[in-house]
Amino acid sequence: MLERDGKVLVTTGPVRPSDAKLRRAQSLAQQSGLDVIVARELISQKLTGQERVARHKLHDNAAAQAIADYRLALAEAETVDTIRSLESQGAAAYWAAWRDVQVLFPRKDLPRVPEHWLKFGTRKSLLSGSPRLATNPANAMLNFLYALLESESRLAAAALGLDPGLGILHVDTPARDSLACDLMEAIRPKVDAYVLDWVLSQPLRRDWFFEQRDGNCRLMASFAIRLTETAGMWSRAVGPVAEWVTQQLWSTTRKRTQSDLPPTRLTQTHRREAKGLSSVSTALVAPRLENLCRGCGKAIADRRTHCANCAVSTATKRLVKAAKIGRAAARNPEARAKHAESERRHAQARSAWDASMQPGWLTSEVFSQKIQPLLADVSTSAIRSRIGVSRWYAGRIRQGYRPHPRHWQLLAELVGVPDRALR
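I will try to describe carefully the structure that is included in this document.

Conventions used here
- Residues numbered from 1 in each chain as written.
- Predicted model: local features only at pLDDT ≥ 70, side-chain atom pairs only at ≥ 80, totals over all residues.
- Heavy atoms only, no water.
- Helix = DSSP H or I, 4+ residues; strand = E, 2+ residues; numbered from the N terminus.
- Buried < 20%, exposed > 50% of the residue type's maximum accessible area, 1.4 Å probe, protein only.
- Phe/Tyr/Trp six-rings, centres within 6.5 Å; stacked < 30°, edge-to-face > 60°.
- Lys NZ or Arg CZ within 6 Å of the ring centre and 35° of its normal.
- Expected span 1.5 Å × (residues − 1).
- Contact = heavy atoms within 4.5 Å.
- Patch = residues over 30% accessible without salt bridge, like charges linked within 9 Å, V, L, I, M, F, W, Y side chains within 5 Å.
- Areas by Shrake-Rupley, 256 points an atom, 1.4 Å probe, with all protein chains shown as cover.
- Salt bridge = Lys/Arg side-chain N within 4 Å of Asp/Glu carboxyl O.
- Lys, Arg positive; Asp, Glu negative; His and termini not counted.
- Charge placed at Lys NZ, Arg CZ, Asp CG, Glu CD.
- Core = buried A, V, L, I, M, F, W, Y, C linked by side-chain atoms within 4.5 Å.

**As for the environment of Pro174**
Phase 1: Mapped onto the elements, Pro174 comes out in the loop between helix H6 (137-159) and helix H7 (178-185).
Phase 2: Judged by its relative accessible area of 75%, Pro174 is exposed.

**What to know about the packing of aromatic side chains**
Phase 1: If you walk through the whole model with that rule in mind, you get 15 aromatic pairs.
Phase 2: With centroids separated by 6.0 Å and ring planes inclined at 85 degrees, the aromatic side chains of Tyr194 and Trp234 adopt a geometry described as edge-to-face. Taken together, the positions of Tyr194 in helix H8 (residues 188-201) and Trp234 in helix H10 (residues 231-250) put the pair 40 residues apart, joining distant regions of the chain. Trp234 matches Tyr194 in its accessibility class, with the two residues each being buried.
Phase 3: A connected cluster of aromatic rings, assembled from ring pairs, spans Phe105, Trp117, Tyr194, Trp198, Trp208, Phe209, Phe223 and Trp234.
Phase 4: Here the basic side chain of Arg396 rests over the ring of Tyr401, its NZ or CZ set 4.1 Å away from the ring centre.

**Details of H8**
Phase 1: Under the 1.5 Å per step criterion, the end-to-end length of H8 is 20 Å for 14 residues, consistent within 8% with the ideal 20 Å.
Phase 2: Counting buried positions along H8 gives 10 out of 14 residues, so the element sits mostly inside the fold.
Phase 3: Here H8 has its buried residues at Arg188, Pro189, Val191, Asp192, Ala193, Tyr194, Val195, Leu196, Trp198 and Val199.
Phase 4: Elements in contact with the buried residues of H8: helix H3 (34-56), helix H5 (80-96), H6, H7, helix H9 (221-228) and H10.

**Looking at a positive patch on the surface**
Phase 1: Among the surface-exposed residues, Lys324, Arg327, Arg331 and Arg336 lie close enough to one another that they form a single positively charged patch.
Phase 2: Counting through the fold element by element, Arg336 comes out in helix H13 (residues 333-352).
Phase 3: Using a relative accessible area of 52% as the deciding quantity, one classes Arg336 as exposed.

**Quick look at the nonpolar core**
Phase 1: Grouped together as the largest cluster of nonpolar side chains are 81 residues, with contacts concentrated most on Trp198, Leu204 and Phe209.
Phase 2: If you tally residues by element for this core, the top one is H6, at 11 residues.
Phase 3: With near-sequence residues (within four places) excluded, Trp198 lies in contact with Met141, Pro203, Leu204, Trp208, Phe223, Arg226, Leu227 and Leu289.
Phase 4: Membership of the second largest hydrophobic core comes to 17 residues, among which are Ile383, Ile387, Val389 and Ile397.

Put into structure tokens, the structure is as follows:
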């Protein structure tokens, strides 16, 4: 049970006797040297995930390369303190790449949205100097989902017979389950990717959040409920990590046999192997995001970005903008020169044309009564290519405008009037 700020109120889980050997090995991890092995693997997975997010979602190759360098340096780390230092440096490069991420809100909500909500900004809150007490929606979402992940990590440790409070990477702190914080480190980038995909693809609604007087951004209950739907996804993600740590701890116990392997209650690996079944897919399937209109925030069924009402105003603005661009393009020297050349060509054609060149049967009455009505069924491009005029002028002819007589014979041939007249 979580508060809307992500504070854990109550955690329930499976009740079963803990494994004394595992708990003893867990408490002696520093003496056995296992703490460095486990910490290195967890942080390696974390940095790998952060590098992937930075490279493929944030498109920041410089940050991704810096994170990759810190990950490679883990192989030389011989103490947990060194691993913590590399993780901290990687985190600095990683969150710096998030700074300018734009957070979308429907246009209708923008007058009520504080300006500092429109960017991710820094991971550290101005209220606490740490990620706690987030001051914008994106960080508030991360905090809440991290709390969900921590709860699932705590349950995973308890289900495997470990003590959630005896950490390996995180130091002992009152009122904190340090082992749960250790396990969730490897899964944090998956949470980051989920939030990043959301804010980049879908707008957030203003009524999902509220701001306290001190600036703390909190989640409304309805939105918090939606985020809790991801709990199963984080449970499946942390299961293999918790079982790997359990396997490492079990390997340090003195009396171990093949028949007394550590449990795989979370992934059911032993059961599938006994039945000769292949391992299950580790791909995470996130709950489907509701598609919201970027104009009014109303839910829409398909993948459009705007509902029917907002699409009209959006299209109108685009057409007005396109018209301004078109008018500007029509006034540049190159366009004016082409227009002048076209006018000279048509003026010369009008001057050179003689009425005696027109067939006797092709009178004004014949064109108006027999040819003009048939042109309405001819495409604009066909008229344009036939008589060598602009698309706009051809469109006017198609709509009923009478062109210069020098074009009548070609238009008559286009609609087949001479053949009909002969018949």
